Every structure is written in C-alpha cells, then in structure tokens.
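Single-letter residue listing:
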Amino acid sequence: MSYHKRLQTDLRGAAAAGIITPEQADKIWERSYSERAFASFKAAHWIGAAAGLFVALGLILVVASNWDKIGAVTKMGAFLLLFAGAAEASLRLDDKPAAAIPLKTLWFFMPVLGIGLYAQIFNLSGDPIKPYLVWAALSAPLALLSKRPLAAYLCSLLLFVVLYSGTLGPANMLSLAARHNAASQPLWHWALALAALASGIALYPGKKLGMPLGAGVVWVFMMLVADTAIKVRSSALILLAGMSLAALWLSFGREPEEEKAGLPLLAWTGAVYAMTFFWHYRSHDSYGSSQSDTAAGGVITWLLFAGALAAVFLRKQRLFPEGKTEDYLGKGLLAASMLGAFLLFDTSEASAKILAVIANLLLAAFGIGCIMSGSRHANEKLINRGVAVITLTAVTRFVDIFGGLLKSGVAFIITGLAFGALAYFVNKGRKALIESVKK
C-alpha cells in the first residue's frame, strides 16, 4: 500500500472515530496528494498536452508546405503574433485545464520554431547550444507565471539536458572539458554553466528538491572526474568527493516521508556498496597519484567534505526514522562512510582491503539498524530494506571469496542449493519479524 493510500485509510479511520471531521480529513488528504509530481494531471490533461504538441507539429507542416510563398517579414511577424497570442490565452485560461494545457504546451515548444525560422531566414549558423539556451530563456516566463507544474517540469528538464550535453560536449559556449590537449575552457563558461544549473533547480516546481539536487550532485561529480579545470585523479579524492556528495544529497534532498527510501538513500547505499569492491584494488605506479589533481579540484573536494560533515552533525539524519539510538547510528554511519576515504591516501592494497572490510561492516550495521528500527516503529518496509541490504552484501561477499572455486558443475549445483537455502531462511526470518511487528 502506497503512502497516500495508507494516509487516506488512516484519515478515514480518524474521522470515523470522531477525532477529526470528514471535511478536515478530505482537506488533509487533498493537500498531501496535491504535492505529488503530476498529481493534478488527469487523463484529459495528458490528452490536452498531446493536443498542444500536435498543433505545434501541424503548424510546422503547414508553414513548410507554403514556405516559398511567404516573405521573411511576414514569417517573423506571424510567428511573433502567434507566440504572443498563445502566451496570453494560456494565462487567461489558466483555470480551465482543457484549454490551458494545450496552449501552454504550444507556448513551450514555439520558441524552437521561432529560432529555427529566424536562423533559416537569415542563414545563421554558430554555437549548437545557444538555441537551446534561448529556448529555455523564452520558456522561463511560462514556468514562472503558470499555476500548473507542467511548464516548470519541462523547462527544468530542458536546462539540465542542455547543461549535461553542453558541458561534456565539444566546443560550445558551455563546454568545460579540455579537448586534444588544449587548455581548459574560460571562466565565463563555468559562470554560464552554474547559472543553468541554478536555474534548473530554481524552476523545478514544488518543495521536493530531491530530483534536481540529485542532477546537480551527479553533474558536479562528473566535472570532477572529467578532464576539466577542477579534475581530480587520485582514488582517495575521487572517493572522498563521491561519498561527500552522496551524503549532501541525502541530507538535503531526501523525501520527507520516512518510509520512502528515495533516490538519495539508494545513492548513498550504492556508494557504500561500491566501496566494498576495493577488496580487489591493485595499486599501480600512476593510478591513485595526486600529481594530476588540479588545485581547484582538491579545494572543491575538501569543501564538499567539510560541508557534508557539517550537514551530517547539524541536520537530521535520513537513514532511519527519528529516535535517539537511530540518530546516533545514522550520523555515525554517514560520517564513517566519508572518513573511510582517508585510508586510500597511501594507495596501498592493504589499506584498500581495510576500507572494503569497513564498507561491509557499514552495510551490515545499516541493515541491522533498518531491521531494529523497523521492528520498533512497526515499519514493514524498513524491515524489508534491512533484510535486502544484508542479503545482497552476504551474497556478493560469498561470490568474492568462493567465486574462484566455481570450476565444475557440482560446485555450481552446491552454490545454487546454498543460495536457495539462504533465500528460504532469509524469507522465513523476514516474515517472522513482520508478524511480530503486526501483533
């Protein structure tokens, strides 16, 4: 049962018991449900959005078929009138979804037509990213003025697509990666990229910043590992930056519903799980050396670490539901996951193996903490999460340790039977825990 269905059931029960009135129950549920992404969209609204898209495509075909018969001034004038008319009509009809949504969809995609029209009339060519930035700038008023979230979602998505493709792409006004041993890109490229990032986060509708913040976190990490002016190459700094970003995302981007893991928690768990594979780490003469780290990359990494460590101790932990024991355990696990990167600064195989062992212990502690907290708070999903983490860790480590012995059919059969027995006992224990919680 989803969170909103469970909330609706609880509210109805509270209304039936006389704790709140039925009207109050309906208002509480509607307010909670309306905060979901696309919660207000019905089938008719999606059909309306498709209608706006088809109208835009139809206009393209009509204009294309009569292109040679229309003068340049007439083309641009007609486009501007149509663009202004769609904008005005969509704002005036904002309270009527059947008309507003097709018009807003048309308004959002019309800048593409205008940019292409202008470029073709005047035979323009140049930076491939510039038209998309102009598109986003022309669509920003729609995202800010509209009461409905569709335009804001589309504009935010457009900005993030442009940010990723531009900064990692070949020479353009957003490109940040050095090409063919050339120097890094100028500083104004960074200013424009950061402006696009901030705009994408700011335009994202609602109070839930998990998705846009996650896109920003991934972009920052990619800039650190790519060949940019802030690149880092030592394994210790890369791991420290990755774990710090994961902790920051978890601290600031987690959904408020405690029983919902969300992408930030999955990202942190996946990062710790990836640390367990340092058991196979092999040191090389150049790999892990800090000689190719840039000074800016090192400074940014240490700032990310300091910010993440401060966030861990100053903000509520997001690994478990609230509780004194849970808070201590959650904060300790988050801090330890970042501090483990310090073991790689000597780049020895022994310290890498110690790091892998610590990562396994962190996952085990996290899984046990989920099971204990789930039992205490009667949270079935939390118990399942803890069992899943422990089982995945155990199976992976079994393959790491005994995988080299799987050289015959009999060995595979024995391993399969062992996994089957493990699945049986894990599922039996999980059900026993859940039943004990329900009693």
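These notes cover the structure that comes with them.

What counts and what doesn't
- Residues numbered from 1 in each chain as written.
- Predicted model: local features only at pLDDT ≥ 70, side-chain atom pairs only at ≥ 80, totals over all residues.
- Heavy atoms only, no water.
- Patch = residues over 30% accessible without salt bridge, like charges linked within 9 Å, V, L, I, M, F, W, Y side chains within 5 Å.
- Areas by Shrake-Rupley, 256 points an atom, 1.4 Å probe, with all protein chains shown as cover.
- Salt bridge = Lys/Arg side-chain N within 4 Å of Asp/Glu carboxyl O.
- Helix = DSSP H or I, 4+ residues; strand = E, 2+ residues; numbered from the N terminus.
- Buried < 20%, exposed > 50% of the residue type's maximum accessible area, 1.4 Å probe, protein only.
- Axes fitted to C-alpha atoms, helices over the stretch in contact; angles between N-to-C directions.
- Parallel < 35°, antiparallel > 145°, perpendicular 65-115°, else oblique.
- Left-handed = near helix turned anticlockwise from the far one by under 90°.
- Contact = heavy atoms within 4.5 Å.
- Nonpolar A, V, L, I, M, F, W, Y, C, P; charged D, E, K, R; others polar.
- Polar contact = N/O pair within 3.5 Å; in protein donor to acceptor, adjacent residues only side chain to side chain.
- Phe/Tyr/Trp six-rings, centres within 6.5 Å; stacked < 30°, edge-to-face > 60°.

**Observations regarding a nonpolar patch on the surface**
No. 1: Residues W302, L339, F342 and F345 make up a contiguous nonpolar surface patch of roughly 360 Å² in combined accessible area.
No. 2: Here L339 lies in helix α13 (residues 324-339).
No. 3: The partly exposed category is assigned to L339, whose relative accessible area is 42%.

**Let's talk about the packing of helix α8 (residues 187-203) against helix α9 (residues 210-225)**
No. 1: Their axes nearest at 9 Å, the elements α8 and α9 cross at an angle of 160°. Put simply, α8 runs roughly antiparallel to α9. The way α8 lies across α9 gives a crossing that is right-handed. Along its contact with α8, which presents W190, A193, L194, L197 and I201, the element α9 presents P212, G216, W219 and M223.
No. 2: Split into classes, the residues belonging to the contact of α8 with α9 amount to 8 nonpolar, 1 polar and no charged.

**Quick notes on the environment of S251**
No. 1: On the secondary structure map, S251 appears in helix α10 (residues 235-253).
No. 2: Linking S251 and A308, residues 57 residues apart in sequence, is a C-alpha distance of 8.2 Å.
No. 3: Look past the residues within four positions of S251 in its chain and what remains in contact with it is A311, R315 and R318.
No. 4: One polar contact links the side chain of S251 to the main-chain carbonyl oxygen of A247, over a distance of 2.9 Å.

**Looking at the side chain of N172**
No. 1: Position of N172 relative to the elements: it lies in the loop between α7 (150-168) and α8.
No. 2: Reaching out from N172, the side chain makes a polar contact with the backbone oxygen of G166 at a distance of 3.2 Å.
No. 3: Polar side-chain contacts of N172 include one of 2.7 Å to the backbone nitrogen of L174.
No. 4: Here N172 is in contact with D127, P128, I129, G166 and H189, once residues within four sequence places are set aside.

**Side note on the environment of G367**
No. 1: With respect to the secondary-structure elements, G367 resides in helix α14 (residues 349-376).
No. 2: Judged by relative accessible area, which is 0%, G367 ranks as buried.
No. 3: Look past the residues within four positions of G367 in its chain and what remains in contact with it is G386, V389 and I390.

**Observations regarding the packing of aromatic side chains**
The geometry of an aromatic ring pair is captured by two quantities: the separation of the ring centres and the angle between the planes.
No. 1: Considering all chains together, one arrives at 10 aromatic pairs under this definition.
No. 2: Here the aromatic rings of W302 and F345 are separated by 6.1 Å at their centres, their planes lie at 10°, and the arrangement is stacked. Note that W302 is positioned in helix α12 (residues 295-314) and F345 in the loop between α13 and α14, a separation of 43 residues in sequence.
No. 3: W302 gets classed as partly exposed once you look at its relative accessible area, which sits at 37%.
No. 4: For F345, a relative accessible area of 39% puts it in the partly exposed group.
No. 5: Aromatic rings pair up to connect W302, F305, F342 and F345 into one cluster.

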